[in-house]
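Listed below, chain by chain, are the residues.
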Amino acid sequence: MTASTTINKGDRLLHQNVLGSRRFSNYWWATIVTMGATGFVLAGLSSYLKVNLLLVTDATQLIFVPQGLVMGLYGIAGLLLASYLWLVILWDVGGGYNEFNQETGTFKIFRWGFPGKNRQIQIDGRIQEVQSVRITLKEGLNPQRALYLRVKGRRDIPLTRVGQPLSLTELETQGAELARFLEVPLEGL
């Protein structure tokens, strides 16, 4: 859920940063896809121009139609995918924070989205409307471990990051800390 949790102002404000798309794994895959796609485009160009543009092999031996053409098209598709991955990282989609302020009696859930009309996603509410903090656990092929804020008159609000699930210990600790801070029950364990 969080990269860092801050409680301050006499333990009256809880601020939790939420890690978005700026994770190591996203940088890793964006880099790998960029390098692979660039290699495919250079191989296609090498077969067309009959000039070796690659360091590791000689692609001038490829016949342009169909091998070089197909490699070039795969490379273009890969560069489009890599561009998407780099833009998602640049925009930090899914990143943001959860803030609970007992002085004002309010909470704010903020996330960055894709550019456009809904670039900033913000949910505001009153702490007195919070019924509980709920933990969801689903194991198996696609495990899910998440924290939700159960609020009167609303759907459950997700508080954890998207992607790699949190460890069970970290999830329990963060859920218990938030439930204690808000003075509401912890559900789901």
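Residues numbered from 1 in each chain as written. Predicted model: local features only at pLDDT ≥ 70, side-chain atom pairs only at ≥ 80, totals over all residues. Heavy atoms only, no water.

- Labelled according to an unreviewed UniProt entry, the protein appears under the name Photosystem I assembly protein Ycf4, originating from Cylindrospermum stagnale PCC 7417.
- Under the UniProt heading Sequence similarities (unreviewed entry), the entry covering the protein gives this text: "Belongs to the Ycf4 family."
- Under the UniProt heading Function (unreviewed entry), the note attached to the protein is "Seems to be required for the assembly of the photosystem I complex." (UniProt positions renumbered as here; feature names shortened; annotations may be inferred.)

## Some points on the pattern of salt bridges
Okay, so step 1: All chains considered together, the criterion is met by 4 salt bridges.
Okay, so step 2: One salt bridge connects Asp 156 with Arg 134, and the closest N-O pair in it is separated by 2.7 Å. One end of the pair, Asp 156, is in the loop between strand E7 (144-151) and strand E8 (157-158); the other, Arg 134, is in strand E6 (residues 130-138), with 22 residues separating them in the sequence.
Okay, so step 3: A salt bridge links Arg 150 to Glu 187, with the shortest nitrogen-to-oxygen separation between them at 2.9 Å. Placement of the pair is Arg 150 in strand E7 and Glu 187 in strand E9 (residues 186-187), with a sequence separation of 37 residues.
Okay, so step 4: Taking relative accessible area as the criterion, Arg 150 reaches 26% and is therefore assigned partly exposed.
Okay, so step 5: Through salt bridges with shared partners, one network takes in Arg 134, Arg 150, Asp 156 and Glu 187. (Salt bridge = Lys/Arg side-chain N within 4 Å of Asp/Glu carboxyl O. Helix = DSSP H or I, 4+ residues; strand = E, 2+ residues; numbered from the N terminus. Buried < 20%, exposed > 50% of the residue type's maximum accessible area, 1.4 Å probe, protein only.)

## A short note on the packing of aromatic side chains
Each aromatic ring pair is described using two quantities: the centre-to-centre distance and the angle formed by the ring planes.
Okay, so step 1: Under the counting rule described, the total for this entry stands at 9 aromatic pairs.
Okay, so step 2: Consider the rings of Phe 110 and Trp 112, whose centres lie 5.1 Å apart with planes at 85°: the pair is edge-to-face.
Okay, so step 3: Accessibility expressed as a relative area gives 7% for Phe 110, which makes it buried.
Okay, so step 4: The partly exposed category is assigned to Trp 112, whose relative accessible area is 29%.
Okay, so step 5: One aromatic cluster is present, built from ring pairs that chain together Tyr 84, Trp 91 and Phe 114. (Phe/Tyr/Trp six-rings, centres within 6.5 Å; stacked < 30°, edge-to-face > 60°.)

## Digging into the UniProt feature "transmembrane region" (unreviewed entry) in the protein
Okay, so step 1: Annotation from UniProt places "transmembrane region" (unreviewed entry) at residues 27-49 and 69-91.
Okay, so step 2: Taken end to end, residues 27-49 has its terminal C-alpha atoms 32 Å apart, with 100% of it in helix and 0% in strand.

## Here we look at the layout of surface pockets
Okay, so step 1: Space inside the largest pocket adds up to approximately 560 Å³.
Okay, so step 2: Looking at the largest pocket, it is lined by 31 residues, and the ones nearest its centre are Arg 111, Pro 158, Thr 160, Arg 161 and Val 162.
Okay, so step 3: Elements supplying a minimum of two residues to the lining of the largest pocket: strand E4 (106-112), strand E5 (120-126), E7 and E8.
Okay, so step 4: Looking at the lining of the largest pocket residue by residue, the class counts come to 16 nonpolar, 10 polar and 5 charged. (1 Å grid on protein atoms, 1.4 Å probe; cavity = no way out; pocket = protein on both sides within 12 Å on 5 of 7 lines; lining within 4 Å. Points joined across faces, edges and corners; volume = space filled by probe spheres on them. Nonpolar A, V, L, I, M, F, W, Y, C, P; charged D, E, K, R; others polar.)

## Remarks on the domain arrangement of the protein
Okay, so step 1: In terms of domains, the protein is made up of domain 1 (13-19 + 93-187) and domain 2 (26-91).
Okay, so step 2: Centre-to-centre separation of domain 1 and domain 2, based on C-alpha positions: 40 Å. (Domains from an automatic or database assignment.)

## Let's talk about helix H3 (residues 168-182)
Okay, so step 1: For H3, which comprises 15 residues, the first-to-last C-alpha distance of 21 Å matches the rise-based estimate of 21 Å (1.5 Å per residue) to within 8%.
Okay, so step 2: Immediately downstream of H3, the backbone of Glu 183 shows phi near 60°, a positive value. (Expected span 1.5 Å × (residues − 1).)

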